[in-house]
Amino acid sequence: MQEPAGRTVLVAGPDVSGAGAALQALGSSIVIVGPETSSFADCDAAVADAVAAHGSVDVLLLPVPPRSSARIAQLDAGEWRAGIDAVTRRSTGLLRAFARHRVSAGGGGHVVSFASSAVFDSDGVGQASMNAAVLSLTSGASATLAPHGIAVNCIVLGGPERQGGMPRPDTDDDAALLALVAHLASVEPSFTGRYLYCGGRDIGLYAMPLTIEQAHLLVRLPEPVGPDELGAVLAPLAEVGQA
Amino acid sequence: MSATGTGRLAGRVALVTGGGRGLGRGVARVLAGLGASVVVSDRFVDEAGTAAAATVVAEIEAEGGRAAADSGDIASFEGARAVVQGAVDAFGRLDILVTCAGTYAPSTILDVEQPEWEGLTAVHLVGHTGCLAAAAEVMRAQGDGGRIVTVSSRGGLFGPQTAYSGAKAAIMGLTTAAARELEPDGITVNCLLPSALTQLFPMDASRRRFGGMPLSLFMEADDIAPVVAYLCLDEASGVTGRFVYASGADLAVYEPPLRVEGHTTFVRRTRPWTVDEVADYLPSLLRADG
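Since the structure is predicted, the reported quantities are computational estimates derived from the model, not experimental observations.

**Quick look at the overall build of chain A**
Working step 1: The helix and strand inventory of chain A stands at six helices and seven strands.
Working step 2: Along its sequence from the N terminus, chain A presents helices and strands in the succession β-α-β-α-β-α-β-α-β-α-β-β-α.
Working step 3: Relative to its 243 residues, chain A shows a buried fraction of 55%.
Working step 4: Carbon together with sulfur atoms contributes 54% to the accessible area of chain A, which is approximately 10,000 Å² in total.

Pasting the structure below:
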């Protein structure tokens, strides 16, 4: 793991639970960029400014999608769009700018994104879309950036109540969250593309979504078939869970 | 004009965005074959000046079905609302919405540019959200339920194509939230995760193997349409908020991502449990407390 001292952390404010401040206490320099940094050009400029001031940017903390209960019926399109721009577009722009900087600097670096455990357990269509997009950004960027030694991981934040089937946290103490942020800001680059749960002092690693593991396999034959045809149908099923 | 006819979807009106080609074309034709009056929405016009939507409408009508073409742009909330209203104007109501309209760009996080991101987000995410919002209002006002099938992709949570994958993942989130909201109204919302050879995705099955999914035996877009049609039937009234993979003759139903109930979950505590602590914690994983 890399030591946090001497590194520069770009935080897409507001600073989630003081995560940036916690890294600052460990010796990192912190640059907070506000919500006005929304376009890709804004994000490029923010990273360039931080590099000019500090020599490099080593860690990126992406924004936390806000809670929203906006429903699909009677949806306020303007409010919905503002949320997408403030979180989804901004996250993409900041991660793009950071990734380009790190690749040009020879690779290495850490990105921590944030989503909610309510992502697939919510009535809020904007909130659900924004959070799901963060999961996608984490997974996709981690695959692209792994060859460059850049780790991209997502902290899935638990709420005060049960969300996504997770047990209700027994404390709102954020010490575990801050420790997890610090860990992921220093983790080995081979640990990337993961979704980690954090609610109170509960920490978890999610199984990867849309992945088949230990499936029962069924085939319905619409008509009698010979052994060769049966083999052609069955053989690929041996690959289930392996691809 | 009002919806009439015979078949399992007789009297129903369906709107299929992106219905002029590929998956959408197959869905429109199967729904029409089941008796639905279908509005085929598509903006594509070929080099000879023939509108894809008009071609599909002609195909449906030649087979005895009822259909109308629409060339509206669903990539804005206003445009999506106009397309939905156009369907209501054409056949008097709206019972089924299938959102196949899409586009694709392969850019990764290192090379994506904002115009591309905006374009993909508009067609996929705004297109889905705008159509769902408008359709939900119509279906609620009708008071007799409805069927919505969104179209996402396994690439939403696997793919490195930043704009495309992000929008497709967002559609999955949208589907879950909309399904919960609209369930009391008898409106189901399910998410299709297709894999087929289409104009957007001409790559063969061997390049689509991830997530433990085996090689598809068939990749025809039309093979997926019956799955969508099933989700639109009365028999599927209890199916909502689900993620259904379909490719040729293969079907899979994915559990909602990041849900722990019903799965093997390993828990490690940094000190031993007490009885009360187990009683407070374990029921959630077991779904024993509702």
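This is not the end of the story, as more comes after the structure.
**Thoughts on unusual backbone geometry**
Residues and elements named next belong to chain A.
Working step 1: Following Gly13, the chain continues into Pro14 via a peptide bond in cis, with omega recorded as 0°.
Working step 2: Mapped onto the secondary structure, Pro14 falls in the loop between strand E1 (8–12) and helix H1 (19–25).
Working step 3: Positive phi, close to 65°, is recorded for Gln74, a residue that is not glycine.
Working step 4: By the element assignment, Gln74 lies in the loop between strand E3 (59–61) and helix H3 (77–104).
Working step 5: Classification of Gln74 by relative accessible area gives exposed; the value is 64%.
Working step 6: Residues other than glycine seldom take positive phi values, yet Leu210 does so here, at roughly 55°.
Working step 7: Along the chain, the position of Leu210 falls in the loop between strand E7 (202–205) and helix H6 (227–234).

**Comments concerning the packing of aromatic side chains**
All names here are of chain B.
Working step 1: On inspection of all chains with the given rule, the structure shows six aromatic pairs over all chains.
Working step 2: Here Tyr104 and Tyr164 contribute two aromatic rings whose centre-to-centre distance is 5.0 Å and whose plane-to-plane angle is 80°, an arrangement assigned as edge-to-face. Of this pair, Tyr104 sits in the loop between strand E4 (96–99) and helix H4 (114–142) while Tyr164 sits in helix H6 (residues 162–182), placing them 60 residues apart in sequence.
Working step 3: Given the relative accessible area of 22%, Tyr104 is considered partly exposed.
Working step 4: Of note, Arg21 hangs over the ring of Phe44, and the distance from its end group to the ring centre comes to 3.6 Å.
Working step 5: The aromatic ring of Trp273 is capped on one face by Arg269, whose charged end is 4.8 Å from the ring centroid.

**Looking at the interface of chain A and chain B**
Working step 1: In this assembly, 63 residues from chain A lie in contact with 61 residues from chain B.
Working step 2: Both faces considered, chain A and chain B share a buried interface measuring about 5,400 Å² in area, 65% of it formed by carbon and sulfur atoms.
Working step 3: Taken together, the connections running from chain A to chain B amount to eight salt bridges.
Working step 4: The salt bridge involving Glu113 of chain B is made with Arg96 of chain A; its shortest N-O contact spans 2.8 Å.
Working step 5: On inspection of chain A and its partner chain B, the count reaches 19 residue pairs in polar contact (both at pLDDT 80 or more).
Working step 6: Every element with two or more residues in the side of chain A that touches chain B is listed here: helix H2 (40–54), H3, helix H4 (125–145) and H6 of chain A.
Working step 7: Split into classes, the residues belonging to the side of chain A that touches chain B amount to 35 nonpolar, 17 polar and eleven charged.

**Quick word on empty space enclosed by the protein**
Working step 1: This structure, assessed with the given rule, holds three cavities of 30 Å³ or more.
Working step 2: In terms of lining, the largest cavity is formed by 16 residues, of which the most central are Thr92, Ala133 and Leu137 of chain A together with Thr162 and Gly166 of chain B.
Working step 3: The set of elements that each furnish at least two residues to the lining of the largest cavity consists of H3 and H4 of chain A together with H6 of chain B.
Working step 4: Counting residues per element, the lining of the largest cavity draws most heavily on H4 of chain A, which supplies six residues.
Working step 5: Its residues assigned to classes, the lining of the largest cavity shows six nonpolar, ten polar and no charged.

**So, the environment of Leu230 of chain A**
Residue and element names in this part refer to chain A.
Working step 1: With respect to the element layout, Leu230 can be found in helix H6.
Working step 2: Distance in space between the C-alpha atoms of Leu230 and Ala141 is 40 Å, their sequence separation being 89 residues.
Working step 3: Apart from residues no more than four positions distant in its own chain, Leu230 is found in contact with Leu221 and Val225.

**A short note on the domain arrangement of chain B**
How large an interface is tends to be reported as the accessible area lost when its parts come together.
Working step 1: Here chain B is described as being made up of domain 1 (13–259) and domain 2 (260–290).
Working step 2: Just the C-alpha atoms count here: the centres of domain 1 of chain B and domain 2 of chain B sit 38 Å apart.

**Notes on the sheet that holds strand E5 (residues 150–157) of chain A**
All names here are of chain A.
Working step 1: Strand order across the open sheet formed by seven strands is E2-E1-E3-E4-E5-E6-E7, with mixed pairing between neighbours. Of all the strands in the sheet, just strand E2 (29–33) and E7 have a single pairing partner and so form its edges. Looking at each pair of strands side by side, their axes are set apart by 20° on average, direction ignored.
Working step 2: The sheet contact formed by strand E6 (residues 195–199) and E7 spans four bridges and is antiparallel. Along E7, the bridge assignment pairs Gly199 with Asp202.
Working step 3: Of the strands in this sheet, E1 and E2 touch H2, which is tilted by about 155° from E2.

**Re the pattern of salt bridges**
Working step 1: If you walk through the whole model with that rule in mind, you get 28 salt bridges over all chains.
Working step 2: Put simply, Glu118 of chain B and Arg89 of chain A hold a salt bridge, and the shortest N to O gap is 2.7 Å. With Glu118 of chain B in helix H4 and Arg89 of chain A in helix H3, the pair connects residues from two separate chains.
Working step 3: Between Arg93 of chain B and Asp144 of chain B there is a salt bridge, with its nearest N and O atoms 2.8 Å apart. In this pair, Arg93 of chain B sits in the loop between helix H3 (77–91) and E4 while Asp144 of chain B sits in the loop between H4 and strand E5 (146–151), placing the two residues 51 residues apart along the sequence.
Working step 4: What makes Arg93 of chain B partly exposed here is its relative accessible area of 22%.
Working step 5: Owing to a relative accessible area of 48%, Asp144 of chain B belongs among the partly exposed residues under this scheme.
Working step 6: The network of salt bridges with shared partners includes Arg71, Asp121 and Asp123 of chain A together with Arg180 and Arg259 of chain B.

Calculation rules
- Each chain has its residues counted from 1, following the order in which its sequence is written.
- Chains carry letters from A onward and ligands carry numbers from 1 onward, assigned in written order.
- Reporting of local features is limited, given that this is a predicted model, to residues whose pLDDT is at least 70; pairs of side-chain atoms are given and counted only at 80 or more, and all residues count toward the totals for whole chains, interfaces and linings.
- Hydrogens are left out, water is left out, and the side-chain values use all remaining heavy atoms of the structure.
- Secondary structure elements follow DSSP: runs of H or I no shorter than four residues count as helices, runs of E no shorter than two count as strands, and numbering proceeds from the N terminus.
- Relative accessible area decides the class of each residue, using a 1.4 Å probe on protein chains only: under 20% of the type maximum gives buried, over 50% gives exposed, and in between gives partly exposed.
- For the area figures, the Shrake-Rupley method with a 1.4 Å probe applies, and any residue is considered shielded solely by the protein chains shown.
- Centre distance within 6.5 Å is the pairing criterion for rings of Phe, Tyr and Trp, where only the six-membered ring of Trp is used; planes under 30 degrees apart are then read as stacked, over 60 as edge-to-face, and the remainder as tilted.
- Throughout this description, the term charge over a ring refers to an Arg CZ or Lys NZ atom that lies within 6 Å of the ring centre and within 35 degrees of the ring normal.
- It only takes one pair of heavy atoms within 4.5 Å for two residues to be counted as in contact.
- Each of two parts loses accessible area, computed with a 1.4 Å probe, when they are put together; buried area is these two losses added.
- The working definition used for a salt bridge is a side-chain nitrogen of Lys or Arg within 4 Å of a carboxyl oxygen of Asp or Glu.
- Definition of a polar contact: a pair of N or O atoms within 3.5 Å, with one able to donate and the other able to accept a hydrogen when the atoms are protein atoms, and with sequence-neighbouring residues admitted only if both atoms are side-chain atoms.
- Polarity classes work like this: nonpolar for Ala, Val, Leu, Ile, Met, Phe, Trp, Tyr, Cys and Pro, charged for Asp, Glu, Lys and Arg, and polar for all others, with Gly in that last group.
- Method remark: on a 1 Å grid restricted to protein atoms, a set of points is classed as a cavity if a 1.4 Å probe fits but cannot get out and as a pocket if it is open with protein on both sides within 12 Å along at least five of seven lines; lining residues have an atom within 4 Å of a point.
- Grid points are joined across faces, edges and corners, and a volume is the space filled by probe spheres set on the points.
- Each domain's extent was defined by an automatic or database domain assignment.
- Two strands are said to pair when DSSP picks up at least two bridges between them.
- A fitted line through C-alpha atoms serves as each axis, taken over the contacting stretch for helices, and the angle formed by two N-to-C directions is quoted from 0 to 180°.

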